[in-house]
Amino acid sequence: SRMNEKNVIKARHTAIKSLIQQEEIEDQLTLVALLKQRFDLHTSQSIVSRDLRTLGVYKKNLRDKSVYELPQKDASLQLLQLAIIEVHHNETLII
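Residues numbered from 1 in each chain as written. Predicted model: local features only at pLDDT ≥ 70, side-chain atom pairs only at ≥ 80, totals over all residues. Heavy atoms only, no water.

Caption draft 1: Representation of the pattern of salt bridges. Overall, the coordinates contain 5 salt bridges when judged by the stated rule. Between arginine 63 and glutamate 24 there is a salt bridge, with its nearest N and O atoms 2.6 Å apart. Placement of arginine 63 in the loop between strand 1 (58-62) and strand 2 (65-69) and of glutamate 24 in the loop between helix 1 (2-22) and helix 2 (28-39) is noted, with a sequence separation of 39 residues between them. Its relative accessible area of 65% is what places arginine 63 among the exposed residues. One network of salt bridges, with partners in common, ties together Glu24, Arg63 and Lys65. (Salt bridge = Lys/Arg side-chain N within 4 Å of Asp/Glu carboxyl O. Helix = DSSP H or I, 4+ residues; strand = E, 2+ residues; numbered from the N terminus. Buried < 20%, exposed > 50% of the residue type's maximum accessible area, 1.4 Å probe, protein only.)

Caption draft 2: Layout of the packing of helix 2 against helix 3 (residues 45-55). The N-to-C vectors of helix 2 and helix 3 enclose an angle of 100°; their axes lie 9 Å apart at closest approach. With respect to helix 3, the element helix 2 is oriented roughly perpendicular. Across the interface between the two elements, Gln28, Leu29, Leu31, Val32 and Leu35 of helix 2 pack against Gln45, Val48, Ser49 and Leu52 of helix 3. Looking at the contact of helix 2 with helix 3, its residues break down into 6 nonpolar, 3 polar and no charged. (Axes fitted to C-alpha atoms, helices over the stretch in contact; angles between N-to-C directions. Parallel < 35°, antiparallel > 145°, perpendicular 65-115°, else oblique. Contact = heavy atoms within 4.5 Å. Nonpolar A, V, L, I, M, F, W, Y, C, P; charged D, E, K, R; others polar.)

Caption draft 3: Quick peek at helix 3. All buried positions along helix 3 are accounted for by Val48, Ser49, Asp51, Leu52 and Leu55. Looking straight down helix 3, one finds its buried side chains confined to an arc of 165°; they lie on one side. In helix 3, the exposed positions that point more than 90 degrees away from the buried face belong to Arg53 and Thr54. Among the residues trailing helix 3, glycine 56 stands out with phi positive, at a value near 75°. (Arc of directions from axis to C-beta.)

Shape descriptors only; they carry no functional weight alone.
Structural data, given as structure tokens:
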């Protein structure tokens, strides 16, 4: 049913977020294997790929490897961090 499908997707997304927080995962096939081992969730690489996009997951360099990372909760904060290069101020202005 449609509701069951939504629950499966939600469970998979929760499991993926949990794994990414706990493990240094470098590729989708590892993620597929861990979903099966730890959560008994059977899925495919293409579905995991779509889930990663939906969740906004990206890769970051960690030591000598590239691992999945969850996005920051507040997108506006992330945009500010990218946009602000330097801050100048006096008694009346912040530039």
